[in-house]
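What follows is the residue order along each chain.
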Amino acid sequence: MTKPSRLSLVLAAALIASILGATATSVAQTSPTTPADTTTPAAPATPAAAAPAPLAMPSMAGPLSTAIPHEIAAGPFGKVEVTGILSGMGSIEANAVAGDPDSHWDVSNAQVFIQKTNGWFQFYLQGGAYNLPALGTPFFSTGDTVRHIYGPFPEGYLKLVKGNFNVEVGALPTLIGAEYTFTFENMNIERGILWNQENAVNRGVQLNYTHKKLTAAFSWNDGFYSNRYSWLWGSLTYAFNGANTLAFVAGGNAGAYAKNTLVTPLFLNNESIYNLLYTYSKGNWVINPYLQYTDVPTNASIGILQGAHTTGGAILVTRLFKHGVSVAARPEYLKSSGNALDPNAINLLYGPGSGAFAFTVTPTYIKDGFFLRGEFSIVHATSSTPGAVFGSSGTETNQPRGVLEAGFMF
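These notes cover the structure that comes with them. These numbers come from a predicted model, not from an experiment.

When you go through the protein residue by residue, the secondary structure sums to 3 helices and 18 strands. The buried share of the protein, reckoned over its 410 residues, is 45%. The long-range share in the protein, meaning contacts at least 24 apart out of those at least 6 apart in sequence, stands at 60%. On the protein, roughly 19300 Å² of surface is accessible, and the fraction owed to carbon and sulfur atoms is 65%.

What follows is the structure, encoded as structure tokens:
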């Protein structure tokens, strides 16, 4: 069983200490109304203050939501809002790949979010420890995740606002895909197999504009955290009404870069990605189907002797019940091109030409700031290459996994 790294424990301890020692004052709540005196005329009623609402960042697909923010006077910045999360998780799986133990436990999040959300000058800062578990991939400890992926400050940017137009500059969440980066932001604890083809955080500049029911965004960034600014993103979202939206997102590397690391994989960093996403959100239901296509072009100068592409789709569904209980489900399918007999074919999944089905179900319980959720998932590979799939020898085509996560949003 993998133990939490020293970095994870230190960050978690520091986070708890900062909360206990903080001088921030909570947003005031409206006091109960006193019954009117029937013997004298009642004074005109004073309108009750609106209850504070959760903040827009970090983005949350539900069922979890950020806590009511703590407001702090920050000198020249005016009022800033502070929220955070502290959570841990454990997992067990069958057919673990060689070198990956079949059970793990670790800190999943120990993060603080600081932001200024009004005026023409705004900002967002996110710091701490985190884990990024995903289906069909080996487990990475929280310490190694922070050290080798996005560092202790994974997201942060300045935001300049003018009416319906704004500009964001910094480490930004990607526009692509239907799932966000961190466990607490999503319906499910682990990201899905389509997410494994996408980037998550990119450094750059993003322009956003809203006109009536249409929202447009354009980003110039470094793609898969390559530190080379050759990626372009664009998205259009149309809100038919309060319950139905449709979005199209496209992006890709306008250049070519031979860098190949854990956070900047050669093939994915030189691809193009296209998404079509529909969202229905009303009452107790959230339904979010989407289609995805990726293409890696042939480029022998950077070591891609033969290009390949993937085609896939997923449906993300959440149903809310009474007493803080909800259930989320995510069926997915992904297919890659190529032929395992071709020596120049590249591997984008479980061998050239392979495919995969995946299914995830995640029940959740929420009580005030506390949450507890479990998860069962299974990935089934098709047309896979022996040695490139699951198990100690890489020949098993199924990988079931169970995960438990609990924590506090504060």
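What follows picks up the thread again.
As for its position among the elements, glutamate 155 is in strand 6 (residues 155-162). Judged by its relative accessible area of 3%, glutamate 155 is buried. Counting along the chain gives 97 residues from glutamate 155 to proline 58, while the straight-line C-alpha distance between them is 9.6 Å. In this view, glutamate 155 contacts Met57, Tyr124, Leu125, Gln126, Ala171, Pro173, Thr181, Phe182 and Val201; residues no more than four positions away in its chain are not counted.

This part is about the packing of aromatic side chains. Within this structure, the stated rule accounts for 17 aromatic pairs. Clustering of aromatic rings is evident, with ring pairs tying together Phe77, Trp120, Phe121 and Phe123. Across the ring face of tyrosine 225, the terminal group of arginine 203 is positioned such that the distance to the ring centre comes to 3.7 Å. Directly above the aromatic system of tyrosine 257 lies the positively charged group of arginine 228, at a separation of 3.8 Å from the ring centroid.

The omega torsion of the bond from methionine 57 to proline 58 falls at -5°, within 30 degrees of zero and hence cis. Within the secondary structure, proline 58 sits in the loop between strand 1 (25-26) and strand 2 (70-73). In this chain, glycine 62 is followed by proline 63 through a cis amide linkage whose omega measures 10°. The backbone of histidine 323 shows a phi angle near 60°, a positive value even though the residue is not glycine. According to the relative accessible area criterion, histidine 323 is exposed, its value standing at 72%. Its identity is not glycine, yet aspartate 368 carries a phi of approximately 55°, on the positive side. Checked against the element boundaries, aspartate 368 lands in the loop between strand 16 (355-367) and strand 17 (370-382).

Overall, the coordinates contain 8 salt bridges when judged by the stated rule. One salt bridge connects aspartate 222 with arginine 203, and the closest N-O pair in it is separated by 2.9 Å. With a gap of 19 residues between them, aspartate 222 in the loop between strand 9 (214-221) and strand 10 (231-239) and arginine 203 in strand 8 (residues 201-211) connect regions that are remote in the sequence. Taking the relative accessible area as the measure of exposure, arginine 203 reaches 21% and is therefore partly exposed. Put simply, glutamate 332 and arginine 330 hold a salt bridge, and the shortest N to O gap is 3.4 Å.

Of the voids in this model, the largest pocket is the one considered here, and its volume is about 1500 Å³. Taken together, 48 residues form the lining of the largest pocket, with Ser59, Thr174, Leu175, Tyr180 and Thr237 sitting closest to its centre. The dominant element in the lining of the largest pocket, judged by the number of residues it contributes, is strand 7 (residues 165-173), at 4 residues. Class assignment for the residues of the lining of the largest pocket results in 25 nonpolar, 18 polar and 5 charged. As a volume, the second largest pocket reaches approximately 1200 Å³.

There is a patch of nonpolar side chains on the surface, built from Leu214, Leu236, Tyr238, Phe240, Leu246, Phe248, Tyr274, Leu276, Leu291 and Tyr293 and spanning about 900 Å² of accessible area. Those elements giving two or more residues to the nonpolar patch turn out to be strand 10, strand 11 (244-253), strand 12 (272-282) and strand 13 (285-296). Note on placement: leucine 214 falls in strand 9.

Now for the environment of glycine 170. With respect to the helices and strands, glycine 170 occurs in strand 7. For the pair formed by glycine 170 and glutamate 155, sequence separation is 15 residues and the distance between their alpha carbons is 7.7 Å. Excluding anything up to four places from it in sequence, glycine 170 contacts Gly156, Tyr157, Asn202, Arg203 and Gly204.

The next point concerns the side chain of serine 235. As for its position among the elements, serine 235 is in strand 10. Ignoring anything within four residues of it in the chain, the contact list for serine 235 reads Leu175, Thr215, Ala216, Ala217, Phe248 and Val249.

This next bit is on the pairing of strand 4 (residues 103-116). With 11 of its 14 residues buried, strand 4 lies for the most part within the structure. By the bridge criterion, 12 bridges tie strand 3 (residues 79-93) to strand 4 in an arrangement that is antiparallel. Considered in strand 4, the bridge of serine 91 is made with histidine 104. Two elements, strand 4 and strand 5 (residues 121-130), share 8 bridges in a ladder whose sense is antiparallel. If you follow glutamine 111 over to strand 5, its bridge partner there is glycine 128. Counted along the chain from strand 4 to the antiparallel partner strand 5, the turn is 4 residues long, and its residue glycine 119 has a positive phi close to 85°.

About the criteria used
- Residues numbered from 1 in each chain as written.
- Predicted model: local features only at pLDDT ≥ 70, side-chain atom pairs only at ≥ 80, totals over all residues.
- Heavy atoms only, no water.
- Helix = DSSP H or I, 4+ residues; strand = E, 2+ residues; numbered from the N terminus.
- Buried < 20%, exposed > 50% of the residue type's maximum accessible area, 1.4 Å probe, protein only.
- Contact = heavy atoms within 4.5 Å.
- Areas by Shrake-Rupley, 256 points an atom, 1.4 Å probe, with all protein chains shown as cover.
- Phe/Tyr/Trp six-rings, centres within 6.5 Å; stacked < 30°, edge-to-face > 60°.
- Lys NZ or Arg CZ within 6 Å of the ring centre and 35° of its normal.
- Salt bridge = Lys/Arg side-chain N within 4 Å of Asp/Glu carboxyl O.
- 1 Å grid on protein atoms, 1.4 Å probe; cavity = no way out; pocket = protein on both sides within 12 Å on 5 of 7 lines; lining within 4 Å.
- Points joined across faces, edges and corners; volume = space filled by probe spheres on them.
- Nonpolar A, V, L, I, M, F, W, Y, C, P; charged D, E, K, R; others polar.
- Patch = residues over 30% accessible without salt bridge, like charges linked within 9 Å, V, L, I, M, F, W, Y side chains within 5 Å.
- Pairing = 2+ DSSP bridges.

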